[in-house]
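The chain contents come next:
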Amino acid sequence: MYKEFLSISEMAKLRHMTAETLRHYDRIGLIKPHRIDATTGYRYYSIHQYEVLGTIRELKEIGLSLEEIRTFLVERNLEKSLSIIESHQTKLQRKIKQLVRIESSLQLKTTYLKRIAEEGKTPQPNVRYIEERYFLTTHDEVADDIELSYATIEIEKLLELHVSLVAGSFLGLLFDVDSQIQAGAAPTSILMAQTAFPNDYPEMNLIRVPAGYYVCLRHFGQVWDRTQSLKQAKDYLEKNEMRIDGKAIQMVEVDVSVTDRLDESLFEIQIPIAFKRAVQI
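Residues numbered from 1 in each chain as written. Predicted model: local features only at pLDDT ≥ 70, side-chain atom pairs only at ≥ 80, totals over all residues. Heavy atoms only, no water.

Enquirer: Help me understand the overall build of the chain, please; the structure alone is not making it clear to me.
Expert: In terms of helices and strands, the chain carries eight helices and 12 strands. Expressed as a percentage of the 281 residues in the chain, the buried residues total 38%. Partitioning the intrachain contacts of the chain with sequence separation of at least 6 by distance along the chain shows that 70% fall at a separation of at least 24. Only carbon and sulfur atoms are counted for the fraction: they give 53% of the accessible area of the chain, which is about 16,900 Å². (Helix = DSSP H or I, 4+ residues; strand = E, 2+ residues; numbered from the N terminus. Buried < 20%, exposed > 50% of the residue type's maximum accessible area, 1.4 Å probe, protein only. Contact = heavy atoms within 4.5 Å. Areas by Shrake-Rupley, 256 points an atom, 1.4 Å probe, with all protein chains shown as cover.)

Enquirer: Help me understand the nonpolar core, please; the structure alone is not making it clear to me.
Expert: Across soluble globular proteins, you tend to see nonpolar side chains buried next to one another. Membership of the largest hydrophobic core comes to 18 residues, with the highest contact counts inside it found for L22, L53, I56 and I69. Secondary structure elements with two or more residues in this core: α1 (8-14), α2 (19-27), α3 (50-61) and α4 (66-73). Leaving out residues up to four positions away in the same chain, L22 has contacts with I8, M11, A12, M17, Y45 and L53. (Core = buried A, V, L, I, M, F, W, Y, C linked by side-chain atoms within 4.5 Å.)

Enquirer: Help me understand the pattern of salt bridges, please; the structure alone is not making it clear to me.
Expert: All told, the structure shown has 11 salt bridges when counted by the stated rule. Residues E20 and R23 are paired through a salt bridge, measuring 3.8 Å at the closest nitrogen-oxygen approach. Placement of both E20 and R23 in helix α2 is noted, with a separation of three residues, approximately one turn of the helix. Where E268 meets R128, a salt bridge forms, and the shortest distance between an N and an O atom there is 2.7 Å. Residue E268 is located in strand β12 (residues 266-275), and its partner R128 is located in strand β4 (residues 126-130); the two are separated by 140 residues in the primary sequence. Overlapping salt bridges bring together E20, R23 and R27 as one network. (Salt bridge = Lys/Arg side-chain N within 4 Å of Asp/Glu carboxyl O.)

Enquirer: Quick question: what am I supposed to make of helix α8 (residues 227-239) here?
Expert: Along an α-helix, residues three or four positions apart point the same way, because every turn accommodates 3.6 residues. Compared with the 18 Å implied by 1.5 Å per residue over 13 residues, the 18 Å span of α8 between its first and last C-alpha is a close match. Listed in full, the buried residues belonging to α8 are S229, L230, A233 and L237. Down the axis of α8, the buried set is contained in an arc of 100 degrees. They therefore lie on one face. Looking at α8, the residues exposed on the side facing more than 90 degrees away from the buried face are Q228, E238 and K239. Buried residues along α8 sit in contact with β6 (170-175), α7 (177-181), β9 (212-220), β10 (242-244) and β12. (Expected span 1.5 Å × (residues − 1). Arc of directions from axis to C-beta.)

Enquirer: Would you explain the sheet that holds strand β1 (residues 5-7) in this entry?
Expert: Hydrogen bonds along the backbone pair up the strands of a sheet, which may run parallel or antiparallel. Ordered in space as β1-β3-β2, the three strands form an open sheet in which the pairing is antiparallel. In the strand order of this sheet, the two ends are held by β1 and β2 (35-36), each with one partner. Summarising the sheet, β2 and strand β3 (residues 43-46) pair through two bridges and their orientation is antiparallel. Opposite I36, over in β3, you have R43 as the bridge partner. (Pairing = 2+ DSSP bridges.)

Enquirer: When you look at the environment of Q270 in this model, what are you seeing that I'm missing?
Expert: Structurally, the position occupied by Q270 is in strand β12. Separated by 144 residues in sequence, Q270 and N126 have C-alpha atoms that sit 9.7 Å apart. Contacts of Q270, omitting those with residues within four sequence positions, involve R128, I130, R133, Y214, V215, C216, A248, I249 and M251.

Enquirer: Whenever I open this one, the environment of T71 confuses me. Can you help?
Expert: Residue placement: T71 occurs in helix α4. Note: C-alpha distance between T71 and L30 (41 residues apart in sequence) is 8.7 Å.

Enquirer: Even after reading the chapter, I still don't get the packing of aromatic side chains, so can you show me in this structure?
Expert: Using the criterion set out here, one finds two aromatic pairs in the structure. Between the aromatic rings of Y129 and Y213, the centroid separation amounts to 5.2 Å while the plane-to-plane angle is 70 degrees, which identifies the pairing as edge-to-face. With Y129 in strand β4 and Y213 in strand β9, this residue pair connects regions lying 84 residues apart in the sequence. For Y213, a relative accessible area of 32% puts it in the partly exposed group. The ring of Y50 carries the charged tip of R15 above its face, separated from the ring centre by 3.8 Å. (Phe/Tyr/Trp six-rings, centres within 6.5 Å; stacked < 30°, edge-to-face > 60°. Lys NZ or Arg CZ within 6 Å of the ring centre and 35° of its normal.)

Structure (C-alpha cells):
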C-alpha cells in the first residue's frame, strides 16, 4: 500500500543513500524532514521530497558543493537555474579538457616505460626515427642540480593550468654534444617539458624539434654524468658514417616519480643525425 510519509530509513533505502546522509542534509539545512514526531523524535519525509533528493544528487554529480546546492534550492526560478547550470557546465568542460591532457601524457609515459621494459637495460646505441615534438621552456640555461630544481619550478608554472609534471609531462635537457665532451666544460643545458598541446602556450615558450633520425643511447645515474655516454655515442656515429645534425636531447625516462633507486634512474640521450652517405635503416 502506498503512503505519503516515509521514515528516514525508508526514504534512504528508496533513494539508495544512508540515513546518516539524510541527517547531515537536515543539519546543514539542505533538506529537512517534512515532519518530526514530537513524542519519538522520528523524522518523516514526504514522498514528494523524493524528487528534491534526486535534484541534489544530480547537482552533486555535475560538481556543485552542498552549499551551492543549498543556495540553488532556495527560491528557484528558470533564470537562476540556467545561470548555475551554465556556470558548472563551463567548469566541467575545463575539467574534461584537463583530464584529456593528463590521459594523453600518461599514455605517452606508459609507452616510454613499456619500451624500456621490452628493450631491456643494455645501453647500446641505436638509430630511431622520432616524430616531430614540441617542448615548453623558459630558455634559461642550467648547469647544476640547484639551477635545475629552480628551472623545474618555472616549467611547472607554465604547465600548471593544463597538466602537472607528475601527471606525466616529460622533462628533457637540450644541449650541444661537442661542448659537453670538452674537458672541463660546464654541462650547460636548457630544461624543457614535452607537450602534446603546443597551441595552448605562447610561441616564445615553445621549442619545435623536427622529426628525424636520432642516435639514441641509454644513460643511467646522475643527470650531469653523461660525458662517457656521449663519447660512446660519438664513436658509434663515426663508425657508421653519421654526423651530428643539431643539438641533442637528454630525456628523463625513469626518475624519482617511478623509482627511488639511483641505479634505476634512467635517461635517454637522443642525438639528431645526418648520414654521410646513403644507408639502409
